[in-house]
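Tertiary structure, described
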Amino acid sequence: MIGLLRGELLKAVTTRAVWGFAAGGMAFAALNAVLVSVASGTLDEVGEKKEALSGLPVLLLLWGLVGAAGEYRHRTAAPAALVARRGRGTVLAVRIAAYALTGLGLAVLINAVAAGVALPLLADQPGPDLTPGQVAGVAAGNVLALVLATVLGGALGALIRGPVVGAVVLLILDLVVQPLVSGVWEREANLSPFGAVGVMTGGTHDTTLTVAQAGAVFAVWTALAVVVAVACERRRDLA
């Protein structure tokens, strides 16, 4: 099993896509820090300052989806299962675990960039400064959100098997459907995966959910997607 995990990790970190998404995540983190800390005006509330430390979980969600779905598009899923001599569901579970570990590394890197850019800029803003505990809390929520987003993307990629279709559907849900639902049923919308991740990263303030509760909601959605993906993998044709 360790050898299988090592092989899946090697595939995950040696593709050009992962470095592209890593660069995109760091660029967004830096840009968001500058825009929130400088271009958005005076920040005198803690909640507003926390936004400067946010990452973009949808990027890693897309990376997990594109990577996992690419196994079927390029017809490498079947050979991987045959070589591993494991059940197809087991191979997929290990592949998702590899994406989770890689996502953890990317999440730490992205959050380090966000904090490194945002904290010096926020020092010039009025009002209370973010305490080390608050910074750590935001970073923990962001890291968890990014890792879970990667896992969810991997599970959805295995279910959809089409990188382009999956990416388009996710972007529509995130950029169109979620804002519309939030405008009508704000509290209920926070129980969706995109709503919960917004609370975790500090992008949503008007909510009755705490960061821990939002993390639990997002974790449930992610676990459900993984269970369904593994179950379907055992029954579907890999070719």
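Going along each chain's sequence as written, the residues are numbered from 1 onward. Thresholds applied to this predicted model are a pLDDT of at least 70 for local features of residues and 80 or more for the giving and counting of side-chain atom pairs; totals over whole chains, interfaces and linings are not thresholded and use all residues. Calculated side-chain values reflect all of the structure's heavy atoms, with hydrogen atoms and water omitted.

1. Focus: the overall build of the protein chain
What counts here: In this description a helix means any DSSP run of H or I spanning at least four residues, a strand means any run of E spanning at least two, and both kinds are numbered starting from the N terminus. For each residue, the accessible area found with a 1.4 Å probe, counting protein chains only, is set against the maximum for its type, and the residue is called buried under 20%, exposed over 50%, and partly exposed in between. Every accessible area reported is derived by Shrake-Rupley at a probe size of 1.4 Å, with residue values counting cover from the shown protein chains alone.
For the protein chain, the helix and strand inventory stands at eleven helices and zero strands. When the helices and strands of the protein chain are listed from N to C terminus, the series reads α-α-α-α-α-α-α-α-α-α-α. Across the 239 residues in the protein chain, those meeting the buried criterion constitute 45%. Carbon and sulfur atoms make up 69% of the accessible area of the protein chain, which totals about 11,500 Å².

2. Some words on the confidence of the model for the protein chain
Heads up, the condition is: Within a predicted model, pLDDT stands for the predictor's per-residue confidence, ranging from 0 to 100.
Per-residue confidence for the protein chain gives a mean pLDDT of 81, with 87% of residues at or over 70. Within the protein chain, helix 11 (residues 211-233) carries the highest mean pLDDT (90), whereas helix 5 (residues 77-84) carries the lowest (57).

3. Side note on the environment of Val38
The residue Val38 is located in helix 2 (residues 16-39) in this model. Along the primary structure Val38 and Ala118 are separated by 80 residues, whereas in three dimensions their C-alpha atoms are 9.4 Å apart.

4. Quick word on the UniProt feature "transmembrane region" (unreviewed entry) in the protein chain
We count it as follows: UniProt positions are given in the numbering used here, feature names are shortened, and annotations may be inferred rather than shown by experiment.
Listed under "transmembrane region" (unreviewed entry) in the UniProt record, and renumbered for this structure, are residues 21-40, 52-72, 92-123, 135-157, 164-185 and 211-232. For the annotated span residues 211-232, helix accounts for 100% and strand for 0% of the residues, and the straight-line distance between the end C-alpha atoms is 31 Å.

5. Observations regarding helix 4 (residues 57-73)
Threshold: Given the number of residues in a helix, its expected span is that number minus one, multiplied by 1.5 Å.
For helix 4, spanning 17 residues, the distance from its first C-alpha to its last is 24 Å, which sits close to the expected 24 Å at 1.5 Å a residue. The buried fraction of helix 4 amounts to 14 of the 17 residues, a majority that puts the element mostly inside the structure.

6. Section: a nonpolar patch on the surface
The test is simple: Put simply, a patch holds well-exposed residues, over 30% relative accessible area, that have no salt bridge, with like charges counted together within 9 Å and Val, Leu, Ile, Met, Phe, Trp or Tyr side chains within 5 Å. When a carboxyl oxygen of Asp or Glu lies within 4 Å of a side-chain nitrogen of Lys or Arg, that pair is called a salt bridge.
A grouping of Ile160, Val164, Val165, Val168, Val169, Leu171, Ile172, Leu173, Leu175, Val176, Val177 and Leu180 is seen on the molecular surface, where their side chains present a nonpolar patch of about 1,000 Å² in accessible area. Ranked by residue count, the leading element in the nonpolar patch is helix 8 (residues 163-184), at eleven residues. Mapped onto the elements, Leu171 comes out in helix 8.

7. Points about helix 10 (residues 193-200)
With respect to burial, helix 10 is a largely interior element, eight of its eight residues being buried. Among the residues making up helix 10, those that are buried are Pro193, Phe194, Gly195, Ala196, Val197, Gly198, Val199 and Met200. Downstream of helix 10 by one or two residues, Gly202 has phi in the positive range, about 85°.

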